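Residue strings, one per chain:
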Amino acid sequence: MTLPLERARSPKPVTWLTILGVLLLPVIVGGILVAALYNPTERLDQLNAAIVNDDEPVEIDGQTVPLGRQLSAGLVEGSDDQESNLTWTISNEDDAAAGLADGTYAAVVTIPANFSAAATSTQPGETPEQATIEVTTPPDSRVVDDAITAQVTSTAASLVGQQLSETFLENVFLGFTTLGEQLGEAASGADDLADGAGQLADGAAQAADGAAELADGAGQLAGGAAQAADGAAALPGGISQLGSGAGQLAGGASGLSQGALELQSGLTQIAGGIRGAADGAGQLSAGVRAGADELERTGLVPDQISGFAQSAADGSALTAEQIGGVAQSLGAIAPAAGGLAESLGQLAATCATSVDSPEFCAQVAAAAGTAGTTAADIGAAAQSAGGAAQTAVDAATAAGATNGALQQFDTEGATEFASRFRTIAHSVDQLAGGLGQLAGATDQSAAGAGQLAGGAGQLGSGASALASGAQQAAEGAQSLATGVRGLSDGAAGVSEGTAGLADGVQSLSEGAAGVSDGTTSLADGLATATDEIPSYSEAEATDLATVVADPVAAQGVGDNLFGASAIPLLSTLALWFGGLGTFVALQAVSRRALTSRAPSVVLALRGFLPAAVIGAVQGVLIAGIVQLAATYSWGEWTVYAAVCVVAGVAFAAVNQALVAVFGGIGRWISALVGVLVVATGVVSTVPGALTSVASLLPTAPAYQGMLAALTSADGLGAGLAGLAVWTVLALIASVLAVSRRRTVSARSLRASPAPA
């Protein structure tokens, strides 16, 4: 079945089979391109690759680390983000080389022997080295095979590197925490050190003061030691003199002992005489009282008055004589007792300075006091006896003188005499008591003299021992003088040394103060560093290491090899070649244009309208194929299909104009436009001149409109407007070409071959 359409370059009629072929051409081209190139990552399992693992595991802290094996496992397992993975084969070098040569493997990944060692070379004590892997592809590999293999391998290597980085960074972050804790401890220690240094500075300052005082004391010690040395030098002579004096003291003590014994004997006799005088005084007192009583009884002048008066005078004289003798004896004893007391006092004074027996000296002093008291009592008794004797003398005198006046005295003087006799008797009683006390004191003096004799003997013995010890002391004093002189010299050296010590301790105090200030600053700095150093828990360190090891993640980047622009690009290319195929099969300008009476516009539209319908159908078919492969939403697909229809119509108009204007060259130009579409649409690194030319082609607004329909890109309206403009311009060009075809010369008619 034929159609009323002209076939290009052939008089044969156009059949429905031709139209079907024209319609299916872009569908087949687009389907093949989409099926082959769209989202190739879904079919990575069709790509065979080999892994050659030459890595030698390393041992870290007693644990084997086979990073080459881990990388191999990561390549074989693939990524959860990819729907498929390469078909990996664990091989060796020979098998991998043979498979690469015969096409069994599209790529070979070789893990070198030092991979684990280099990857773990960041640990302390080793030289850091970057771990590498080698990817080998055959020279006849597909265009994108190298990129796919490199991307998959790089991703796996990047994941291994990321895991190593995460482990390293996690240890670093945990090290920050440990470092912060240790710096905190160091800050506390620095605080303690600063406090200790401050205390040291204070103590050193006090020590410096003490050392200065020690130096002064040592100087004074040196001066005192020098004086002591001088005194010690004079000490032997003094001790020799002490020995001589002790010898003389021993002699005097012997004489004193003998005299004390004699004194004891004399005092004993004196005590006996005093007791006799006391007894006589007692008898005298009794007689005087008896006389007084008798006188009062008989009166002063009895019948025998004269004889009695004489007897009284004689008795009074006798009594006065006896009392006078006692007073004389006491007067003689009193000086001797006083001398004894004085001698004992001198002996007590000498004993205090020369005898080392305090008890003996105390006894001598007590004896001296007793002797003095006794001497005073004897003197008082002598005076009392003298007074009594005088009274008796006066009585005797009165008795003799009054013999003639007794008669007169008998009445008046009897009472007076009796009173006086009683007074005398009382005085004599007192005398008798004093004599008794004197006798007791004399006994005590005698006993003291005996003790004095014994003490003087001991004093003599001690003085002799003192004289002997004084000689030894003199020799020791000589050694003492030498030692004290050495002490003086040593004290002078100590004084100089302590002065230097004071200076050193002062410097120590200043240094300790500096250390205190420095350690305080250190403590402050460590505390600041501790506050500024971050601290992480294990979970925080793990999360942070994960982020830092891969700090930037690109979102919105698809895993499609050709991206979101692949469908618009392939659709544009298929529709363009569909338009070109339409005018490969159909006539762009009617062969009857020269003879036809229809206007040129009508003739041009007769060639355009079938191509426009074919282009619109091609657009719908291309949109259907794309929907089967990509499954867009119906809203997106509807807009995209409309753009495809408009593009099919526009491309039909442009290809008609190219063929109508340029003939067969127009088809060549159309094919060149298709090549430019592919060349400038795959990658953005094409030369700027090609990009500028491609932006002026009719395919540019079609691509822009389709991209805006399927993505969030702008330019849908501009793309449709651009297609409309190109359609109008193409129709104008076709009309002009038809008009030119209808105006020819006779020569042209004879010479020109049949139109294409």
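As the structure is a computational prediction, the values presented were derived from the model and not from experiment.

1. Focus: the overall build of the protein
Item 1. A count of helical and extended segments in the protein gives 17 helices and eight strands.
Item 2. For the protein, the residues scored as buried account for 38% of the 756 residues in total.
Item 3. Counting every atom, the protein has about 39100 Å² of accessible surface; 59% of that belongs to carbon and sulfur.

2. Comments concerning the sheet that holds strand β3 (residues 48-53)
By definition, the strands of a sheet pair up through backbone hydrogen bonds, in either a parallel or an antiparallel sense.
Item 1. Taking strand neighbours across the sheet as the criterion, the four strands line up as β6-β3-β7-β8 in an open arrangement whose pairing is mixed. The open sheet has two edge strands, β6 (87-91) and β8 (134-136), and neither has a second partner. Direction aside, neighbouring strands of the sheet carry axes that sit 25° apart on average.
Item 2. Summarising the sheet, β3 and strand β7 (residues 107-111) pair through five bridges and their orientation is parallel. Paired with I51 across the bridge in β7 is V109.
Item 3. In this fold helix α2 (residues 67-77) packs onto β3, β6 and β7, with an angle of close to 170° to the strand it touches most, β3.

3. Some words on the confidence of the model for the protein
Item 1. Of all residues in the protein, 62% have pLDDT values of 70 or greater, and the mean over the chain is 74.
Item 2. The low-confidence segment residues 554-558 (pLDDT under 50) makes zero contacts with residues lying over four places distant or belonging to another chain.

4. What about the pairing of β3?
Item 1. With five bridges connecting them, β3 and β6 associate as parallel partners. When the sheet's bridge partners are listed, N48 is paired in β6 with T87.

5. Concerning the packing of helix α10 (residues 566-585) against helix α12 (residues 634-662)
Item 1. At a minimum axis distance of 8 Å, the contact between α10 and α12 shows a crossing angle of 40°. Comparing their axes, α12 and α10 come out oblique. By crossing handedness, the relation of α10 to α12 is classed as right-handed. Together, I567, S571, T572, L575, W576, G579, L580 and F583 of α10 and Y640, C644, A647, G648, F651, A652, V654, N655, Q656, L658 and V659 of α12 make up the contact between the two elements.

6. Details of a nonpolar patch on the surface
Item 1. The grouping of F662, I665, W668, L672 and V675 at the surface amounts to a nonpolar patch, some 540 Å² of accessible area in total.
Item 2. Inspection of the secondary structure assignment puts F662 in helix α12.

7. Section: the packing of aromatic side chains
Item 1. Under the definition given, this model contains two aromatic pairs.
Item 2. Note on W576 and F651: the rings are 5.2 Å apart at their centroids and 80° apart in plane angle, and the pair reads as edge-to-face. Taken as a pair, W576 in helix α10 and F651 in helix α12 lie far apart in primary sequence, 75 residues in all.
Item 3. The exposure class assigned to W576 is buried, which follows from its relative accessible area of 0%.
Item 4. Overall, the relative accessible area of 0% leaves F651 in the buried class.
Item 5. For the ring pair W634 and W637, a centre distance of 5.6 Å and an interplane angle of 85° mean the geometry is edge-to-face. With a gap of three residues between them, W634 and W637 both fall in helix α12, about one helical turn apart.
Item 6. Overall, W634 belongs to the exposed group, its relative accessible area being 61%.
Item 7. By relative accessible area, which is 18% here, W637 ends up buried.

8. So, the nonpolar core
One recurring pattern in soluble globular proteins: nonpolar side chains tend to sit buried together.
Item 1. The biggest cluster of nonpolar side chains holds 36 residues, and the ones touching the most others in it are L575, Y640, A647, F651 and M706.
Item 2. Elements with a contribution of two residues or more to this core: α10, α11 (600-630), α12, α13 (664-682), α15 (699-710) and α16 (716-741).
Item 3. Ranked by residues supplied to this core, first place goes to α12 with twelve residues.
Item 4. In contact with A647, other than residues within four places in its own chain, are L575, A702, M706 and L723.

9. Concerning the packing of α10 against α15
Item 1. Between α10 and α15, the shortest axis-to-axis distance is 9 Å and the interhelical angle comes to 140°. Classed by the angle they form, the pair α10 and α15 counts as oblique. Between α10 and α15 lies a crossing of right-handed hand. Residue-level inspection shows I567, P568, L569, S571, T572, L575 and W576 of α10 in contact with α15, the latter providing T699, A702, Y703, M706, L707 and L710.
Item 2. Partitioning the contact of α10 with α15 into residue classes produces ten nonpolar, three polar and no charged.

10. A word on a negative patch on the surface
Item 1. Side chains of E93, D94, D95 and D102 sit close together on the surface and give a patch of like negative charge.
Item 2. With respect to the helices and strands, E93 occurs in helix α3 (residues 93-102).

11. Regarding the side chain of T110
Item 1. Mapped onto the elements of the fold, T110 is located in strand β7.
Item 2. Take T110: its relative accessible area is 18%, and that puts it in the buried class.
Item 3. Sequence-distant contacts of T110, that is, excluding residues within four places in its chain, are made with V52, D54, I133 and E134.

12. Here's the deal with the environment of Q70
Item 1. For Q70, the position within the fold is in helix α2.
Item 2. Sequence separation between Q70 and S116 is 46 residues, and the spatial gap between their C-alpha atoms is 9.9 Å.

13. Focus on the environment of S419
Item 1. Within the secondary structure, S419 sits in helix α8 (residues 406-532).
Item 2. Separated by 123 residues in the primary sequence, S419 and E296 have C-alpha atoms spaced 9.4 Å apart.

Quick notes on the rules
- Residues numbered from 1 in each chain as written.
- Predicted model: local features only at pLDDT ≥ 70, side-chain atom pairs only at ≥ 80, totals over all residues.
- Heavy atoms only, no water.
- Helix = DSSP H or I, 4+ residues; strand = E, 2+ residues; numbered from the N terminus.
- Buried < 20%, exposed > 50% of the residue type's maximum accessible area, 1.4 Å probe, protein only.
- Areas by Shrake-Rupley, 256 points an atom, 1.4 Å probe, with all protein chains shown as cover.
- Pairing = 2+ DSSP bridges.
- Axes fitted to C-alpha atoms, helices over the stretch in contact; angles between N-to-C directions.
- Contact = heavy atoms within 4.5 Å.
- pLDDT = per-residue confidence, 0-100.
- Parallel < 35°, antiparallel > 145°, perpendicular 65-115°, else oblique.
- Left-handed = near helix turned anticlockwise from the far one by under 90°.
- Patch = residues over 30% accessible without salt bridge, like charges linked within 9 Å, V, L, I, M, F, W, Y side chains within 5 Å.
- Salt bridge = Lys/Arg side-chain N within 4 Å of Asp/Glu carboxyl O.
- Phe/Tyr/Trp six-rings, centres within 6.5 Å; stacked < 30°, edge-to-face > 60°.
- Core = buried A, V, L, I, M, F, W, Y, C linked by side-chain atoms within 4.5 Å.
- Nonpolar A, V, L, I, M, F, W, Y, C, P; charged D, E, K, R; others polar.
- Lys, Arg positive; Asp, Glu negative; His and termini not counted.
- Charge placed at Lys NZ, Arg CZ, Asp CG, Glu CD.

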